[in-house]
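# Analysis of the macromolecular model
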Amino acid sequence: MRNILEIRYLIAVVTLAEELNYTRAAKRLRMSQSGLTRRIQDVESKLDIMLFHRDRGSVELTDAGRAFVEEARLAILHDERAVRVAKAVNEGAESILEIGSSPDIDPALVEMLFFLRLPLYPNLKIHLHSEFSADLTHSLLNSHLDVALVTEPADDSRLTTVKLAEAPLYAVVSEDHLMAQKESLKLKDLSASEWVVLDRRIHPTLHAQMMRTANDAGFQPKEIHSIMNADEASHLLSASGGVAILAKASALRIATHGWVAKPLDEETLSLHEHLAARANDPSKLVSEFVRTFVKRMKSVLQPLQLSLPIRPDALGPPKRIFQGS
């Protein structure tokens, strides 16, 4: 007979797996520690599987526990999505798209999402989620998202991506910096300054290319400060007097009160912005949305390249839709 666990049991297991501490997990769940202990024991009893190793106060996942937690997270996400969809339909929406966006994406692209009109889906509602690109890819593959605006997506046959733009990086420098009056900057212009950059885990390929470009120019950065969020750059700039190297949108946002943003004139350093979806997604709504977005982009920006088809019958030849300039 198939075991069926209520969502509250899945949430308890996932929370304990994230905290690996009963006290902290119980506090997050707003329940007693003894109550959480009983709930975990109930799950293990129902499944007849040990999910956690417990030894003198320490908690670790078993191999079976790790596999269970991965699938439990998906179940929780689908449960949350079911609630959002039901609420949206109750409020008059007939179709809902879950769309993700990287913090580094040009805000104009995000804004365009909300101005698209699909004749076949007149009452479309969009739910937007902001996450790092790697997390967006994971959410796409796990069906938590339908479409995502991502930067520097990894090659993955399970995804279909449309390249939207190559956005140059920007350097944020003090108004009294020696190079502040130049229209654009080279990395070598910043060789004497401390650098504030996004951690290599955010954009590993771009980070590596930045270091190679500096090395090819004959220097190593004086010092590098790594951040996970572009907004952290403001505090580090004030403290270190250095320069921040960021995506355009982030650079312009923090370039205030004595700081200016200048584009980097380095051909090898740019953020590739893509629209991504699952390659095997059969949704006609997703295909129509991507088709309309691409058409809209074609009318306002340079021609686009399609790396993989969303639906061959909807978007044309499998490798190339528009001729690049």
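Rules and cut-offs
Residues numbered from 1 in each chain as written. Predicted model: local features only at pLDDT ≥ 70, side-chain atom pairs only at ≥ 80, totals over all residues. Heavy atoms only, no water. Phe/Tyr/Trp six-rings, centres within 6.5 Å; stacked < 30°, edge-to-face > 60°. Helix = DSSP H or I, 4+ residues; strand = E, 2+ residues; numbered from the N terminus. Buried < 20%, exposed > 50% of the residue type's maximum accessible area, 1.4 Å probe, protein only. Lys NZ or Arg CZ within 6 Å of the ring centre and 35° of its normal. Salt bridge = Lys/Arg side-chain N within 4 Å of Asp/Glu carboxyl O. Contact = heavy atoms within 4.5 Å. Patch = residues over 30% accessible without salt bridge, like charges linked within 9 Å, V, L, I, M, F, W, Y side chains within 5 Å. Areas by Shrake-Rupley, 256 points an atom, 1.4 Å probe, with all protein chains shown as cover.

## Focus: the packing of aromatic side chains
- In this structure the tally under the stated criterion is two aromatic pairs.
- Relative to Phe 219, the ring of Trp 195 lies with its centre 6.0 Å away and its plane at 75°, an arrangement referred to as edge-to-face. Of this pair, Trp 195 sits in strand S7 (residues 195–198) while Phe 219 sits in the loop between helix H7 (204–216) and strand S8 (224–227); the two residues are 24 residues apart in sequence, bridging distant segments of the chain. Pair check on accessibility: Trp 195 and Phe 219 agree, each one buried.
- Ring centres 6.4 Å apart and planes at 25° place the aromatic pair Phe 289 and Phe 293 in the stacked group. Of this pair, Phe 289 and Phe 293 both sit in helix H10 (residues 284–300), four residues apart, which is roughly one turn of that helix.
- Residue Phe 289 is classed as buried on the basis of its relative accessible area of 0%.
- A cation over a ring is seen here: Arg 39 above Tyr 9, with NZ or CZ 5.9 Å from the ring centre.

## What to know about the pattern of salt bridges
- All told, the structure shown has 13 salt bridges when counted by the stated rule.
- Here Asp 231 ties to Arg 253 by a salt bridge, and the two come within 3.0 Å at their closest N and O atoms. On the criterion of sequence distance, the pair formed by Asp 231 in the loop between S8 and helix H8 (233–240) and Arg 253 in helix H9 (residues 248–254) is long-range, its members being 22 residues apart.
- Judged by relative accessible area, which is 41%, Asp 231 ranks as partly exposed.

## Concerning the environment of Val 196
- The residue Val 196 is located in strand S7 in this model.
- Assessed through its relative accessible area of 0%, Val 196 is described here as buried.
- Once residues within four sequence positions are removed from consideration, Val 196 is found in contact with His 225, Ile 227, Ala 233, Leu 236, Leu 237, Val 243, Ala 244 and Ile 245.

## Quick look at a nonpolar patch on the surface
- On the surface, a nonpolar cluster with roughly 310 Å² of combined accessible area is contributed by Phe 114, Phe 115 and Leu 128.
- If you trace the backbone, Phe 115 turns up in the loop between helix H5 (107–113) and strand S4 (124–130).
- A relative accessible area of 58% means that Phe 115 is categorised as exposed.

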